[in-house]
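# A structural walkthrough
What follows is the residue order along each chain.
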Amino acid sequence: MSDTGKVVLIGGGPGAWDLITVRGMRALQAADVILTDHLGPASELDKLCDVETKEVIDVAKLPYSRQVSQEKTNELLVEHARAGKTVARLKGGDPFVFGRGFEEVQACAAAGVACEVIPGVTSAVSVPAAIGVPVTQRGVVHAFTVVSGHVAPDHSSSLVDWRALAASGATLCVIMGVRNVGAIAAELQAGGLAADTPAAVIQEGTTDQQRGFRCTLATLAETFESNAIGSPAVYVIGEVAGL
């Protein structure tokens, strides 16, 4: 491993700048270069460190819009670390929950660059909590599943068995599922999950722009449409959403 520069992957939390961990904040303060995403506290870095003393690089992957390739991000991490710099890679949520964090760990390892991972608070659990929805509750449900909805259920690249999830009895926390909400709701109902199963939707959770809505599985897609809900949003399906 390199004994000069290094990379630190930081989970920035669900959105609010002060929901990053203390260790994550200190890593930002110690960094020479910061590579940011569009989620988490990226827009409020100045509250966490002196940005005037850092080189800040935006490598966001905006849903269905401008994207910096993962390969380019990996190259930047390695390039700056090899130049002897401490590189902070700031991600939304937790780096290892649908954040491609392990891909970046692998890229650093392949290049001989030291890499540290600082966990973050995932939106899959914290954003529902922000409107009072627990993902588990004694006597109600003993399991929850975090699932990515970025691929439609009928897509050839889907790795999710939605009908099995419908029969699991677990709370379902769906992230990155705005575009496919209608197809997901329909597939869960086809798998036997009752149409009147409670659901909750939270957009921009934990931020000043947070909006939350209660509905049912049957009205989930309609709730998105009638309220013009866009990314980032988390939705929860299960009895806990009705508490």
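About the cut-offs
Residues numbered from 1 in each chain as written. Predicted model: local features only at pLDDT ≥ 70, side-chain atom pairs only at ≥ 80, totals over all residues. Heavy atoms only, no water. Pairing = 2+ DSSP bridges. Helix = DSSP H or I, 4+ residues; strand = E, 2+ residues; numbered from the N terminus. Axes fitted to C-alpha atoms, helices over the stretch in contact; angles between N-to-C directions. Contact = heavy atoms within 4.5 Å. Buried < 20%, exposed > 50% of the residue type's maximum accessible area, 1.4 Å probe, protein only.

The chain appears in an unreviewed UniProt entry as uroporphyrinogen-III C-methyltransferase from Corynebacterium jeikeium.

On to the sheet that holds strand E4 (residues 86-91), then. Sheet architecture is open: five strands sit in the order E3-E2-E4-E1-E5, paired in parallel fashion. With partners counted over all chains shown, the strands left at the sheet margins are strand E3 (55-58) and strand E5 (114-118), one partner each. Neighbour-to-neighbour, the strand axes of this sheet turn through a mean angle of 20°, independent of strand direction. Taken together, the six bridges between strand E1 (residues 6-11) and E4 define a ladder with parallel strand orientation. Among the inter-strand pairings, Lys6 is bridged to a residue of E4, identified as Thr86. The strands touched by helix H2 (residues 70-82) within the sheet are E1, strand E2 (33-36), E3 and E4, with E4 carrying the most contacts at an inclination of about 155°.

What follows deals with the pairing of strand E7 (residues 171-175). For E7, the buried fraction is high: five of the five residues fall into the buried class. Of the two faces of E7, the one holding Thr171, Cys173 and Ile175 and the one holding Leu172 and Val174 are both buried throughout. Bridge count between E7 and strand E10 (residues 233-237): four bridges; the pairing is antiparallel. By the bridge assignment, Cys173 is partnered in E10 with Val236.

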